[in-house]
Structures are given as structure tokens and as C-alpha cells.
Amino acid sequence: MPQSEAPYRNRLLAKLGEDDRARLASEFEAVDMPKGFPIAEPGAPITHLYFFESGIGSVVARSPEGFKAEVGLVGREGYLPAAGLLEPGSTVHEVVMQVSGGGYRIAAEALAAILAETPSIRTLLVRFQQYLGTQTAYTALSNAVHHVEERLARWLLMCHDRMDGDELALTHEYLSILLAVRRPSVTTALHVLEGDRLIRATRGLITIRDREGLERFASDAYGVPEAEYGRLIGPLR
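Bear in mind the structure is a predicted one, so any value in this text is a computation, not a measurement.

S.K.: What is the right way to read unusual backbone geometry from this model?
M.R.: For residues that are not glycine, phi is negative in most cases, and the peptide bond is trans in most cases. Residue P81 is bonded to the preceding L80 through a cis peptide linkage, with omega at -5°. Tracing the sequence through the fold places P81 in the loop between β5 (79-80) and β6 (94-107). In this structure, R197 takes a positive phi of about 60° despite not being glycine. Secondary-structure assignment places R197 in the loop between α7 (183-195) and β8 (199-202). Judged by its relative accessible area of 54%, R197 falls in the exposed class. Backbone geometry at S219 places phi at a positive 55°, although glycine is not the residue there. Mapped onto the elements, S219 comes out in the loop between α8 (211-218) and α9 (224-232).

Listed below in C-alpha cells is the structure:
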């Protein structure tokens, strides 16, 4: 049976009281989630919610013509799919693992029963939904007003917040989905950040060299959703 006591690496689970953690843990199933692992499909019923201990999951908007853009990014600060709290739960987005990891999953029906009995858990999970909505809104804002280099700096900081160490296993293909641009634009933006000695990029691997400098470069593209998470739940990192 999964652990019912801290420390969980998942920020939400660590925030809960011991009794609430134990209630969820009684229904948890530990899962490995490799890159590409499907968490939810557009229009399909949500059967499980996943609480991340490691790795990064993406909420990807997909047009009927097949164009894709990431609109949400979640790691050990939360769970996906956020729409799983609704009844009946379904999502219009693709939810998939972009960086391999693991965590715990719980059946949507079991969670619904727990939430009906335990308002303290529901309150915390709804707070996370509010934060994720803020993140999504600022992604739309950033896509509209910031240069691609600033947007790349923002996403790298967001990935860094959710991973151990300074090395990020991120492919150009994934970054093109993050930024909603073509791969040549990703390459150009990476070269700009490398030229400023903020990162080092090799094939499939990006190393953060200067976190503070990267935050200065991102400017107002980064920080508001992170502050909102801190206000609602606690430190993100």
C-alpha cells in the first residue's frame, strides 16, 4: 500500500493532514509514467487522476487540423487531469507525460466519494485548479506579447521548478509544442540563451547554467502563476 505519511514529494499530498493523506493513500495505486504515457484523451471519460511525484505532464490543446500547443504543465506540485474533479469528468485536451516520472493514481469514482466526505481535501484540490487556470491564462498572455526567446526562458524555468538538478531532458520537438512554433525557431531561441551563457544545449538535453540570469531574461513572462501557487498552497520549489 502507498505511504500515508509525509514525506510525499507531491506538494499537495505533503500539504494534507495525516488523516487526509491516509484516506487518499487507501485508494492509491503507485504508477510509473514514461514519456508519452497517456493520462487523458480528448472527449474520453476520465477514469483516474494522477498525483505526480516526479516527471512532467502536459495539457495540450489540439485543433481539428492537428495543430498542437501546450496550455498547461504540471509536475510534483499537483495532479492531472484537473477536469477529473467534475462529474462526469472529461476533457477537451490531450494530457500526456512529456518527461518520464511516476506517482500515484486514484480512480475518479473513488476520489469523488472521498471528496464528498472530506471538504478539506476538496478545498486543496480546487485551489490547485485555480492555480492551473492562472498558469493557462498567463501562457496565453505570454504567447501573445512576448518574444519566443522570453517564452523559452519561461518554459525552461517552469520545467526547472519541477525537476531535480539543472539538467532538463527536453527535445526540440517538445519545445516546439511548448512554444507553438516551428523547430527552427526553437533552435534560434536556444542559441540566444546559450550566447548569453544562461543555458547549455546538447541533443535532447538542456543544462541551466544561470537560474537568476534566466529569470531576469524572462522578465514578466515568469512569476505571477508561481506566486499564485505560493499564495494558495505553498512554495512551488
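Text resumes after the structure shown.
S.K.: Could you clarify how one ought to interpret the pairing of strand β9 (residues 205-208) in this entry?
M.R.: Here is the key point about a regular strand: its side chains alternate between the two faces of the sheet. Judged from the two bridges that link them, strand β7 (residues 167-168) and β9 form a sheet pairing that is antiparallel. Residue E167 lies in a different strand from β9, and its bridge partner there is T207. The pairing of β8 with β9 spans four bridges and is classified as antiparallel. Across the sheet, R200 pairs through a bridge with T207, a residue of β9. Taking the residues that link successive antiparallel strands as the turn, the β8-β9 hairpin has two residues, and the phi of G204 there is positive, at about 75°.

S.K.: Could you clarify how one ought to interpret the packing of aromatic side chains in this entry?
M.R.: A ring pair, where both rings are aromatic, is described by two values, the distance of the centres and the angle of the planes. Evaluated as defined, the whole model comprises eight aromatic pairs. Measuring from centroid to centroid gives 5.3 Å for F28 and Y104, while their planes differ by 15°, and the two rings are stacked. One end of the pair, F28, is in the loop between α2 (18-25) and β1 (29-33); the other, Y104, is in strand β6, with 76 residues separating them in the sequence. As far as burial versus exposure is concerned, F28 and Y104 are alike and both buried.

Cut-offs and rules
- Residues numbered from 1 in each chain as written.
- Predicted model: local features only at pLDDT ≥ 70, side-chain atom pairs only at ≥ 80, totals over all residues.
- Heavy atoms only, no water.
- Helix = DSSP H or I, 4+ residues; strand = E, 2+ residues; numbered from the N terminus.
- Buried < 20%, exposed > 50% of the residue type's maximum accessible area, 1.4 Å probe, protein only.
- Pairing = 2+ DSSP bridges.
- Phe/Tyr/Trp six-rings, centres within 6.5 Å; stacked < 30°, edge-to-face > 60°.

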